[in-house]
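Understanding the architecture of this molecule
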Amino acid sequence: LYTATITTGAQNSSGTALAASYSWTFTTAAALAPTVTVVTPASAATGVAASTTVTAAFSEAMNASTITSSTFTLTAAGGAAVTGTVNYSNFVATFTPSANLAYSTQYTATVTTGVQNTAGTALAANYTWTFTTSPVPPKVTAVTPASAATGVAVSTTLTATFSQSMNASTINSSNFTLTATGGASVTGTVTFVSSTSVATFTPSASLAFNTQYTATITTGVTNAAGTPLAANYSW
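A brief report on the enclosed structure follows. This one's a predicted model, so the numbers in the text were calculated from it and none came from an experiment.

Moving on: the sheet that holds strand 17 (residues 233-234). Pairing in this open sheet of three strands is antiparallel, and the strands run 13-16-17 from one edge to the other. With partners counted over all chains shown, the strands left at the sheet margins are strand 13 (176-180) and strand 17, one partner each. Bridge count for strand 16 (residues 213-217) against strand 17 is two bridges, and the pairing is antiparallel. Paired with Thr216 across the two strands is Ser234, which belongs to strand 17.

Rendered as structure tokens:
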């Protein structure tokens, strides 16, 4: 609220003053509150990696000291708080969980009105969004030949057993590979038996004697629900 006043010290060109001081008031507009413009993971996102970080971008420069683990929080379904660290740089706040999130779990991220811009203006209201992490990924539970095995027959075939029902179409020679020392690829055929969740790589010819080989199953391999391995599996 401001008051403007013109006093009786003001005179016309003949020297006659105002009969009385003249005053009026006005009120300025409310300060424009900062807003959250973009978040990751996106609101309502599903299949989010358990290793994700959570970010919120603001509409203007913020007071970094107000962006903390108290004003930027993450909770799991049921209300269990997630511990983590919060950083702010270039209009973006980042919440980094102390450990991977749980699979198949909905999380709620909240940026509170404790967050302020550099002028001290807070968000108009808490900003909240949710996302859901991906299901438990499949994994390789057993392989033949065993990892680090020696004296393996050059006529060997390779097998990998999975922990879940798999999408057979993803288990192919692009995603199940064999290379010799030095990186030379071995050609072969890949088959998969759904009833046992076992993939088999059969080299097109006998392997070389006294040679180390590396077998790899990539994250291109998915389970029946479309969830990939968490990471490439090599032995």
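Read from one edge to the other, the open sheet built from four strands follows the order 4-10-9-6, with strand pairing classed as mixed. Either end of the sheet is taken by a strand with one partner, and the two such strands are strand 4 (45-48) and strand 6 (72-76). Here the average twist between neighbouring strands, direction ignored, is 30°. Across five bridges, strand 6 lies against strand 9 (residues 106-111) in antiparallel orientation. Among the inter-strand pairings, Ala76 is bridged to a residue of strand 9, identified as Tyr107.

What follows concerns the packing of aromatic side chains. Taken as a whole, this structure holds 11 aromatic pairs when the rule is applied. For the ring pair Tyr107 and Phe131, a centre distance of 5.9 Å and an interplane angle of 20° mean the geometry is stacked. Separated by 24 residues along the polypeptide, Tyr107 in strand 9 and Phe131 in strand 10 (residues 127-133) bring together distant segments of the chain. Just as Tyr107 is buried, Phe131 falls in that class too. Here the aromatic residues Phe72, Phe95, Tyr127 and Trp129 are joined through ring pairs into a cluster of three or more.

Here the focus is the nonpolar core. Residues Val54, Phe58, Phe72, Leu74, Val111, Trp129 and Phe131 are the most contacted members of the largest nonpolar core, which totals 24 residues. Mapped by element, the contributors of at least two residues to this core are strand 3 (36-40), strand 4, strand 5 (54-58), strand 6, strand 8 (92-97), strand 9 and strand 10. Each residue touching Leu74, except ones within four places of it in the same chain, is listed here: Val54, Ala80, Ala81, Val82, Phe95, Pro97, Leu101, Tyr107, Thr108, Ala109 and Phe131. Counting 21 residues, the second-largest nonpolar core is a separate cluster that includes Val154, Phe176, Phe201 and Leu229.

All right, on to the environment of Gly114 then. Relative to the elements of secondary structure, Gly114 occurs in the loop between strand 9 and strand 10. It is 5.8 Å that separates the C-alpha atoms of Gly114 and Thr71, two residues lying 43 residues apart in sequence. Aside from chain neighbours lying at most four places away, what touches Gly114 is Thr66 and Thr71.

The rules behind each value
- Residues numbered from 1 in each chain as written.
- Predicted model: local features only at pLDDT ≥ 70, side-chain atom pairs only at ≥ 80, totals over all residues.
- Heavy atoms only, no water.
- Pairing = 2+ DSSP bridges.
- Helix = DSSP H or I, 4+ residues; strand = E, 2+ residues; numbered from the N terminus.
- Axes fitted to C-alpha atoms, helices over the stretch in contact; angles between N-to-C directions.
- Phe/Tyr/Trp six-rings, centres within 6.5 Å; stacked < 30°, edge-to-face > 60°.
- Buried < 20%, exposed > 50% of the residue type's maximum accessible area, 1.4 Å probe, protein only.
- Core = buried A, V, L, I, M, F, W, Y, C linked by side-chain atoms within 4.5 Å.
- Contact = heavy atoms within 4.5 Å.

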